[in-house]
Structure formats: C-alpha cells, structure tokens
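So you can see what is in the structure, the chains are spelled out below.
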Amino acid sequence: MSCLTLSQTATLRPYLNAVRATLQAALCLENFSSQVVERHNKPEVEVRSSKELLLQPVIISRNEKEKVLIEGSINSVRVSIAVKQADEIEKILCHKFMRFMMMRAENFFILRRKPVEGYDINVQTQTGGLRHSLHGGDRQRDQ
Amino acid sequence: MSKLPTSARFRRVDVDEYDENKFVDEEDGAENQLGPDETEVDSLIRQGNLIEALHVVLKNPPINTKNQNVKDRAEGLVLKVLTAFKSSDLEKGVQSLDRNGVDLLMKYIYKGFERPSENSSAVLLQWHEKALAAGGVGSIVRVLTARKTV
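Quick caveat, the model's predicted, so the values are computed rather than measured. (Residues numbered from 1 in each chain as written. Chains lettered and ligands numbered in written order. Predicted model: local features only at pLDDT ≥ 70, side-chain atom pairs only at ≥ 80, totals over all residues. Heavy atoms only, no water.)

Re the environment of Ile59 of chain A
Here is step 1: Here Ile59 of chain A shows up in strand β1 (residues 58–61).
Here is step 2: Note on Ile59 of chain A: relative accessible area 12%, which makes it buried.
Here is step 3: With residues near it in sequence (within four places) discarded, Ile59 of chain A still touches Lys67, Val68, Leu69 and Tyr119 of chain A together with Tyr110, Phe113 and Glu114 of chain B. (Helix = DSSP H or I, 4+ residues; strand = E, 2+ residues; numbered from the N terminus. Buried < 20%, exposed > 50% of the residue type's maximum accessible area, 1.4 Å probe, protein only. Contact = heavy atoms within 4.5 Å.)

Concerning the confidence of the model for chain B
Here is step 1: For chain B, the average pLDDT comes to 84, and 93% of its residues sit at 70 or higher.
Here is step 2: Scoring the predicted complex yields pTM 0.83 and, for the interface, ipTM 0.81. (pLDDT = per-residue confidence, 0-100.)

Observations concerning the sheet that holds strand β3 (residues 76–82) of chain A
Residue and element names in this part refer to chain A.
Here is step 1: Pairing is antiparallel across the open sheet formed by four strands, whose spatial order is β1-β2-β3-β4. Two strands lie at the open edges of the sheet, namely β1 and β4 (121–126), each paired on one side alone. The mean inter-strand angle of the sheet, taken between neighbouring strand axes irrespective of direction, is 15°.
Here is step 2: Of the pairings in the sheet, the one linking β1 to strand β2 (residues 67–72) comprises four bridges and is antiparallel in character. Across the sheet, residue Val58 finds its bridge partner in β2, namely Ile70. (Pairing = 2+ DSSP bridges. Axes fitted to C-alpha atoms, helices over the stretch in contact; angles between N-to-C directions.)

Structural notes on the packing of aromatic side chains
Here is step 1: In total, this model carries two aromatic pairs over all chains according to the counting rule given.
Here is step 2: Seen from their ring centres, Phe85 of chain B and Trp127 of chain B are 5.0 Å apart, and the 85° between their planes marks the pair as edge-to-face. With Phe85 of chain B in the loop between α3 (68–84) and α4 (90–95) and Trp127 of chain B in helix α6 (residues 120–145), this pair connects stretches of sequence that are 42 residues apart. Here Phe85 of chain B matches Trp127 of chain B in class, with each residue buried.
Here is step 3: For Arg104 of chain A, the ring lying beneath its charged end belongs to Phe100 of chain A, and the centroid distance is 3.9 Å. (Phe/Tyr/Trp six-rings, centres within 6.5 Å; stacked < 30°, edge-to-face > 60°. Lys NZ or Arg CZ within 6 Å of the ring centre and 35° of its normal.)

Let's talk about a nonpolar patch on the surface
Here is step 1: A contiguous nonpolar surface patch, about 480 Å² in accessible area, is contributed by Phe10, Val13, Val15 and Tyr18 of chain B.
Here is step 2: With respect to the element layout, Phe10 of chain B can be found in the segment before α1 (38–47). (Patch = residues over 30% accessible without salt bridge, like charges linked within 9 Å, V, L, I, M, F, W, Y side chains within 5 Å. Areas by Shrake-Rupley, 256 points an atom, 1.4 Å probe, with all protein chains shown as cover. Salt bridge = Lys/Arg side-chain N within 4 Å of Asp/Glu carboxyl O.)

A few points about the interface of chain A and chain B
Here is step 1: Facing the 21 residues of chain A at the interface are 24 residues of chain B.
Here is step 2: Buried area between chain A and chain B, summed over both chains or domains, comes out near 1900 Å², and the portion from carbon and sulfur atoms is 66%.
Here is step 3: On the chain A side of the contact with chain B, Gln56, Ile59 and Ser61 of chain A bury the most area, a combined 26% of that side's loss.
Here is step 4: Viewed at the interface, chain B and chain A are joined by zero salt bridges.
Here is step 5: Where chain A touches chain B, the interface holds seven residue pairs in polar contact (both at pLDDT 80 or more).
Here is step 6: Taken together, the elements giving at least two residues each to the side of chain A that touches chain B come down to α1 (6–26) and β1 of chain A.
Here is step 7: Partitioning the side of chain A that touches chain B into residue classes produces eleven nonpolar, six polar and four charged. (Buried area = accessible area lost by both parts, 1.4 Å probe. Polar contact = N/O pair within 3.5 Å; in protein donor to acceptor, adjacent residues only side chain to side chain. Nonpolar A, V, L, I, M, F, W, Y, C, P; charged D, E, K, R; others polar.)

A closer look at the environment of Leu55 of chain A
Here is step 1: Among the structural elements, Leu55 of chain A can be located in the loop between α2 (44–47) and β1.
Here is step 2: Separated by 17 residues in sequence, Leu55 of chain A and Gly72 of chain A have C-alpha atoms that sit 5.1 Å apart.
Here is step 3: When near neighbours in sequence (up to four residues on either side) are disregarded, Leu55 of chain A contacts Gly72 and Ser73 of chain A together with Leu144 and Thr145 of chain B.

Thoughts on helix α3 (residues 88–103) of chain A
Residue and element names in this part refer to chain A.
Here is step 1: The end-to-end C-alpha separation of α3 is 22 Å, in line with the 22 Å expected for 16 residues at 1.5 Å each.
Here is step 2: Among the residues making up α3, those that are buried are Glu90, Cys94, Met98, Met101 and Met102. Projected down its long axis, α3 carries its buried residues within an arc of 95°, all on one side. Seen from the buried face of α3, the exposed residues on the opposite side, beyond 90 degrees, are Glu88, Leu93, His95 and Lys96.
Here is step 3: The elements touched by buried residues of α3 are α4 (105–108) and β4. (Expected span 1.5 Å × (residues − 1). Arc of directions from axis to C-beta.)

Given below as structure tokens:
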C-alpha cells in the first residue's frame, strides 16, 4: 500500500480512540416502538420520523479523506465510514470489496445495503441486535 | 359521480401539524450572541497567553443564533487558538476549564472535525484525547444530545 509518513501513523491511535469513545457514547440504546405506526419497531435513524428521537450527527475525521460519521437515535445507530483511497486502483478495489460485502448484508446483520452519500460503507445496528452480540444472546425474538 | 355540495378541503389538512404532543424545538431568540471577540483573542495569541485566549474564545458561544456566519467565525477563531497551543500545554489548557468549558470545547472539537483542513484533524484529535480525559464519555454524550449546537 502507500507508505505512511510519520505524522500519518501518529494520528491513527488518537483517531481510533476518538471513534471508540464516541461510539461508546452513541451506543446507549433502548427499545422504542414506532410512534407513528402501532406495533411496529423501526430503526429511528433510518426512518427519521420524529426530531426528538434523533441525536446530533458527529463526524470524526483523521484527514480530508478519512472520516467516520456517527448518527445516533434512541434505538439505533448508523456509522458511516469513509475509507482512504489514495489512487484509482485503490478506489476500484475499495468499491468492489464494499459492494461484495454489502450485497451479502443480510448475512452480516449490521451492514447496510447502500452507503450514505459521501461514504463507503455503513454499519447500522438496533437495540435487539446489540443484545444478541454484546450479552451473548437473549433467546427471545425481539427486534 | 356528482360533485358533493360540501367542500372536501378538510382532506388536505395536515393533521400531524395540530397534534398537541408534537415536539417543537424551543426557539430562544438570537439574544445578541455575537461569538467570541476576535481582536481580543488575536492579541492574546500574539502575547502568547494561550490559556487566557482559550477562556476568552469559549465565552459567548453562538449557540442560539441562526446566523451561520457568526458560527463559522467563532469556529475559525477557536480552531486558531487550539492550533496555537503547544502539545505539552494541551493538558494544562484543558485542566483550566470548568465542566461547562470542557463540554463547549468538545462541541467545538466535533464542529472542527466536520471541515478538515491541512493539519486541523491531527490537532483536534490531540485535543479530543485530553478533553475526553477531563470530561469523560459524559461530555461526548452531552454533545450528542444537545438540541442547539455551536
């Protein structure tokens, strides 16, 4: 890959730590049924039906090319990642690889099928999904 | 089908607008929030009194104003002060702030991330680390849940 200058490697650790801390703050979710349709449970960050359920979206950028957008809400979080693509060939490789994974999004559970405008890949999760992964499974089939 | 004598205009009414429980952001009028004083901050930076410059630039945050220019100017000023700090002085700068100051600093840091330039992200990442150490995850949560941003 492209060789990293000293300043580049120096920003990697703080960048990852900043993203981790922000995710820790944003991943405070609770189960919340839809206010618009009864008996439905939708990820509010996708539906965006009510302003009071959404958090401020924040960006953490390492430089102009690499950044992470974290949009939170009461029951779901969407993380959009812009991967560094230094030249044409990396752009093509990144695009193909992301497309490969996103086409199989159903198996990944937390992947979104289409990336948000300006980013390369999206990770989205809702309360139920978190409970399964973090706490080793709660056999009830909730959303 | 014959036209009904009564008007059907009621069908075009957006019922959701009249819902009493509908959430409306409270509008706290602009209240002459002009943002930090540019000349004062500049002179403090030139004198090298960076901690004081940090305090001054965090006063009067343009939180309630809808004027985008004021917000941009404030953000530019804060970024100037943050870049002027030497890496070894970051910690002292953060320690000198009270809790509201740390929260406000976090808000400005995230605002600064939105427009990355030459070296700004590297500086902001360092500030983020120190502010996180001082404010904890709580300061980030307060940035995420704030209804009015800087």
